[in-house]
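What the coordinates show
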Amino acid sequence: MPRLGVNVDHVATLRQARGGSEPDPVAAAMLAELAGADGIVVHLREDRRHIQDRDLALLCQTVKTGLDLEMAADDAMVKIALAVKPHYVTLVPERRQELTTEGGLDVAGHKRRLERVVDALQDGGIPVSLFIEPDAGQIKASKAIGADYIEIHTGRYANAQSEQEIETEFRAIVKAAQLAARLKLGVNAGHGLNYRNVQKLTAISEIVEYNIGHSIVARALLVGLDQAVREMKQLISRSAGTGHGARG
Ligand code: PXP
């Protein structure tokens, strides 16, 4: 059964809106685990717009399932990761002006620099995942520099509007997941997944983990975090079958 990683960044976004201490993403992580999350995900951004260093330190001590730290591939972040030791790291591209992570890492174009970062983290005992577009060249480059996992960027699939566009993006994810699995890379997926679009992806047996944030936190505001996590767990546990199932 695939795993659900719950990203609690946007609990921190709400806290930062008033600069106080509530709601606390550390409390949210505990509730998400109690509701069945298989892992907790946070992105410590350079501008600290949501998750803070304090959150990361506490989460490393309290998360029972597995903490995935999303971070930019730079020396300052590597130093932090090696000090706090999350269960694993997902390297993501980061630009200051973006609303959220836009596009995957260009692994093929920055092999040397990324290999150095992957090596440093792995030498510290931290497995590394690379957040990339469903693209054969990026997958092969990820394998070449020694990544343990890839996370397929599902943003284009999530943003697709017409049935034809959805099918095209879905097929790209299928092909990418199959190639990565053949290369013995672990396959995660995430970005823009929600209660309507996630189930179609569950037909792709190579995907072992879904990392989902915004839609779960948004739903939690209305139905509670416990229910929001349980509903998402149910959706990803129920296979969509052949991959031709309805998305809606
Ligand atoms: N995976 C990665 C690598 C991300 O950067 C993000 C966004 O922080 C997510 C998953 C979760 O995306 P969303 O909040 O759209 O579910």
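Residues numbered from 1 in each chain as written. Predicted model: local features only at pLDDT ≥ 70, side-chain atom pairs only at ≥ 80, totals over all residues. Heavy atoms only, no water.

Our focus in this paragraph is the overall build of the protein chain. Helix and strand content of the protein chain: 11 helices and 8 strands. The C-alpha radius of gyration of the protein chain comes to 17 Å, within 12% of the 18 Å expected for a compact globule of 248 residues. Expressed as a percentage of its 248 residues, the buried residues of the protein chain come to 51%. For the protein chain, the centre of its 30 positive side-chain charges and the centre of its 32 negative side-chain charges are spaced 2 Å apart. (Helix = DSSP H or I, 4+ residues; strand = E, 2+ residues; numbered from the N terminus. Rg over C-alpha atoms; globule rule 2.2 N^0.38 Å. Buried < 20%, exposed > 50% of the residue type's maximum accessible area, 1.4 Å probe, protein only. Lys, Arg positive; Asp, Glu negative; His and termini not counted. Charge placed at Lys NZ, Arg CZ, Asp CG, Glu CD.)

Following the sequence through the fold, asparagine 211 ends up in strand β8 (residues 207-212). For asparagine 211, a relative accessible area of 6% puts it in the buried group. At 3.0 Å, the side chain of asparagine 211 and the side chain of glutamate 151 are in polar contact. Residues contacting asparagine 211, with those up to four places away along its chain left out, are Gly5, Val41, Asp68, Glu151, Asn188, Ala189, Gly190 and His191. (Polar contact = N/O pair within 3.5 Å; in protein donor to acceptor, adjacent residues only side chain to side chain. Contact = heavy atoms within 4.5 Å.)

Working definition: two side chains of opposite charge can pair if their charged atoms are close together. In this structure the tally under the stated criterion is 14 salt bridges. A salt bridge links arginine 54 to aspartate 55, with the nearest nitrogen and oxygen atoms 2.8 Å apart. Overall, the relative accessible area of 42% leaves arginine 54 in the partly exposed class. For aspartate 55, a relative accessible area of 0% corresponds to the buried category. Of the charged contacts, one joins glutamate 167 and arginine 171 as a salt bridge, the two residues approaching to 3.6 Å between their closest N and O atoms. One end of the pair, glutamate 167, and the other, arginine 171, are both in helix α8 (residues 163-182), 4 residues apart, so they sit about a helical turn from each other. Each of Arg15, Asp24, Arg54 and Asp55 takes part in one network of salt bridges that share partners. (Salt bridge = Lys/Arg side-chain N within 4 Å of Asp/Glu carboxyl O.)

Let us now look at unusual backbone geometry. Of all residues except glycine, most have a negative phi; of all peptide bonds, most are trans. Following glutamate 22, the chain continues into proline 23 via a peptide bond in cis, with omega recorded as -5 degrees. In this fold, proline 23 is placed in the loop between α1 (9-16) and α2 (25-34). One non-glycine residue, arginine 48, adopts positive backbone phi at about 50 degrees. Within the element layout of this structure, arginine 48 appears in the loop between β2 (39-43) and α3 (53-62). For arginine 48, a relative accessible area of 22% translates into the label partly exposed.

Contact geometry for α2 and α3: axes closest at 9 Å, N-to-C directions at 30 degrees. In terms of orientation, α2 lies roughly parallel with respect to α3. As α2 packs across α3, the resulting crossing turns out to be right-handed. Mapping the contact onto sequence places Pro25, Val26, Ala29, Met30 and Glu33 in α2 and Arg54, Asp55, Leu58, Leu59 and Thr62 in α3. Class assignment of the residues belonging to the contact of α2 with α3 gives a composition of 6 nonpolar, 1 polar and 3 charged. (Axes fitted to C-alpha atoms, helices over the stretch in contact; angles between N-to-C directions. Parallel < 35°, antiparallel > 145°, perpendicular 65-115°, else oblique. Left-handed = near helix turned anticlockwise from the far one by under 90°. Nonpolar A, V, L, I, M, F, W, Y, C, P; charged D, E, K, R; others polar.)

Sheet architecture is closed into a barrel: 8 strands sit in the order β1-β2-β3-β4-β5-β6-β7-β8, paired in parallel fashion. Strand-to-strand twist in this sheet, taken as the mean axis angle between neighbours without regard to direction, amounts to 25 degrees. Bridge count between strand β1 (residues 3-7) and β2: 3 bridges; the pairing is parallel. Bridging from a neighbouring strand, glycine 5 pairs with glycine 39 of β2. Contacts between helix α11 (residues 225-237) and the sheet are confined to β1 and β8, with β1 contributing the most and set at about 145 degrees to the helix. (Pairing = 2+ DSSP bridges.)

Bringing the site of the ligand into the picture now. Among the 14 residues in the neighbourhood of the ligand, the closest are listed as Glu70, Glu151, Gly192, Gly213 and His214. One of the side-chain nitrogen or oxygen atoms of glutamate 70 is found 3.0 Å away from an oxygen atom of the ligand. One of the side-chain N or O atoms of glutamate 151 is found 2.5 Å from a nitrogen atom in the ligand. Protein contacts shield 94% of the accessible area of the ligand, which totals 400 Å² for the unbound molecule. For the shell around the ligand, the per-class residue count stands at 3 nonpolar, 8 polar and 3 charged. (Near = heavy atom within 4 Å. Areas by Shrake-Rupley, 256 points an atom, 1.4 Å probe, with all protein chains shown as cover.)

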